[in-house]
Amino acid sequence: MKAIIPAAGLGTRFLPSTKCTPKEMLPVLDKPVIQYVVEEALEPAEVDEAIIVTSPGKPELLSYFQPDRSLERLLRERGKSAYADAVAAAGDMPVDFRYQYEPRGLGHAIRSAADAAAGESFLVLLGDYVVPARDICTKMLEVSRAHAGASVIAVAPCAPEDVSRYGVIAGERVGSLCGSESAADEEPGAVWRVSGLVEKPSAEEAPSNLYIVGRYLLSPLVMDLLADQEPGKGGEVQLTDAMARSLEREAMYAVVIDPLEGFDTGTPSGWMATNALMAAADPRFAADFWAAIDERGGLKRG
Ligand code: G1P
């Protein structure tokens, strides 16, 4: 199975930093954001390759996932084997690339990788969300297996005023992940059958407050439907719209996850908070991180 990771955006919110550096290359602790997403994508045993959909103006992404044996050798000669291992790990992951030549929306980006996933179900992982536990795709695969290989998406509850930022589902609770039988309808582990999907509805239009978090397991039908998907919200080809059309012919399920399981890297402040939260929790960085903060009298609201 292939996991498709769209990474073709301009990174406008991070300008001017993203003038020369793709936003996917911004670091979280010691690795670029995209590496977390690739590692998460490759976590389930079913996935043999991550396909990054990028634009021709971002060669840094291709370089990053190439091996660099001379740098590895130099680091080993200097006794820096942990850094050499980290460089090797980045260059040796099964990653391939496709180009999205025009910025025509998420659905168009996914369709740009159609040949890679031909005739097979595929995962989609959006890159603005880092999930250290790497377990959402495994949960979606479990639900799909229990429902004849159906499409499954990860959803989470949000405040009514936030629904207009996301794709939102309509549906009904039909079950639970193994071990989550006592979860309430909107608690992690609840499984829903999806009856409708709306991209970025107003609070009044929203059929629920369960939003698509950016992890999808989709059937080949969705990829086929993307081929002639008309532009939707914002004039862009929306993945959500092709998924909604697939409901006329196929079942789709949603599994509720805890939104705090992942960390936002899609806005400068989200990315900053993610770095701070993850540094404070990582034994490799926590002591020095807190020492640097404490030296200045701690963190204060300014
Ligand atoms: C995309 C999807 C949306 C989803 C969101 C999650 O929107 O179109 O359905 O809820 O990602 O982050 P975007 O954030 O690209 O506007």
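An account of the accompanying structure is given in this report. The numbering scheme is per chain: residues are counted from 1 as the chain's sequence reads. In keeping with the model being predicted, local features are shown solely for residues with a pLDDT of at least 70 and side-chain atom pairs are shown and tallied solely at 80 or more, while totals for entire chains, interfaces and linings include all residues. Remark: hydrogens and water are excluded; side-chain values derive from all non-hydrogen atoms of the structure.

1. Points about the packing of aromatic side chains
For clarity, the cut-off: Aromatic pairs are defined between Phe, Tyr and Trp rings, using the six-membered ring for Trp, whenever the two ring centres lie within 6.5 Å; interplanar angles under 30 degrees are classed as stacked, those over 60 as edge-to-face, and all others as tilted. We call a residue buried when its accessible area falls under 20% of the maximum for its residue type, exposed when it is over 50%, and partly exposed in between, using a 1.4 Å probe and counting protein chains only. In this scheme, the term charge over a ring applies when either NZ of a lysine or CZ of an arginine sits within 6 Å of the ring centre and within 35 degrees of the ring normal.
One pass over the full model with this rule turns up six aromatic pairs. When the centroid spacing of 5.7 Å and the interplanar angle of 50° are considered together, the rings of Tyr-99 and Tyr-101 count as tilted. With relative accessibility at 31%, the residue Tyr-99 sits in the partly exposed group. Judged by centre distance (5.3 Å) and plane angle (75°), the ring pair of Phe-289 and Trp-290 falls under edge-to-face. By relative accessible area, Trp-290 is classed as partly exposed at 37%. Put simply, the rings of Tyr-64, Phe-65 and Phe-97 pair up and form one aromatic cluster. Positioned over the ring face of Tyr-36 is Lys-31, at 4.6 Å from the centre of the ring.

2. Examining the packing of helix H9 (residues 268–281) against helix H10 (residues 286–294)
Two packed helices can be described by the angle between their axes and the distance between those axes. Defined as follows: The axes used here are C-alpha line fits, helices contributing only the stretch in contact, and every angle between their N-to-C directions lies in the interval 0 to 180 degrees. Helix numbers and strand numbers start at the N terminus; a helix is a DSSP run of H or I with at least 4 residues, a strand a run of E with at least 2. Orientation categories follow fixed angle ranges, with anything under 35 degrees roughly parallel, anything over 145 roughly antiparallel, 65 to 115 roughly perpendicular, and all other angles oblique. Here, two residues are considered to be in contact whenever any of their heavy atoms come within 4.5 Å of each other. Polar here means any residue other than Ala, Val, Leu, Ile, Met, Phe, Trp, Tyr, Cys and Pro, which are nonpolar, and Asp, Glu, Lys and Arg, which are charged; Gly is therefore polar.
Axis separation between H9 and H10 bottoms out at 7 Å; the angle between their running directions is 120°. For the element pair H9 / H10, the angle class is oblique. Facing H9, whose interface residues are Ala-276, Ala-279 and Ala-280, H10 presents Ala-286, Phe-289 and Trp-290. Here the residues of the contact of H9 with H10 sort into six nonpolar, no polar and no charged.

3. Here's the deal with the site of the ligand
The cut-off we apply is this: Whether a residue is near a molecule or strand depends on its heavy atoms: if one lies within 4 Å, it is near. Distance and chemistry together define a polar contact, namely a pair of N or O atoms within 3.5 Å, with one atom able to donate a hydrogen and the other to accept it when in protein, and with adjacent residues in sequence counting only for side-chain atoms on both sides. Calculation of accessible area relied on Shrake-Rupley with a 1.4 Å probe; when residues are assessed, cover is drawn exclusively from the protein chains displayed.
In the vicinity of the ligand, the contacting residues are Leu-106, Leu-126, Tyr-166, Gly-167, Glu-199, Lys-200, Ile-212, Tyr-216, Gln-238 and Thr-240. Gly-167 is positioned with one of its backbone polar atoms (N or O) 3.0 Å from an oxygen atom of the ligand. Contact with the protein chains hides 70% of the accessible area of the ligand, taken as 380 Å² for the molecule alone. Broken down by class, the residue content of the shell around the ligand amounts to five nonpolar, three polar and two charged.

4. Some details on the layout of surface pockets
So the rule is basically this: Using a 1 Å grid laid over the protein atoms alone, points where a 1.4 Å probe fits but cannot get out form a cavity; open sets with protein on both sides within 12 Å along at least 5 of 7 lines form a pocket; any residue with an atom within 4 Å of a point counts as lining. Grid points are joined across faces, edges and corners, and a volume is the space filled by probe spheres set on the points.
A volume near 340 Å³ is recorded for the second largest pocket. Lining the second largest pocket are 17 residues, with Asp-30, Tyr-64, Tyr-83, Ala-86 and Val-87 positioned closest to its centre. Looking at the lining of the second largest pocket, the elements with two or more residues in it are helix H1 (33–41), helix H2 (59–64) and helix H4 (81–91). Broken down by class, the residue content of the lining of the second largest pocket amounts to eight nonpolar, four polar and five charged.

5. Some thoughts on the environment of Gly-214
Among the structural elements, Gly-214 can be located in strand E11 (residues 210–218). With a relative accessible area of 0%, Gly-214 lands in the buried category. When the C-alpha atoms of Gly-214 and Pro-132 are compared, they prove to be 15 Å apart, with 82 residues separating the residues in sequence.

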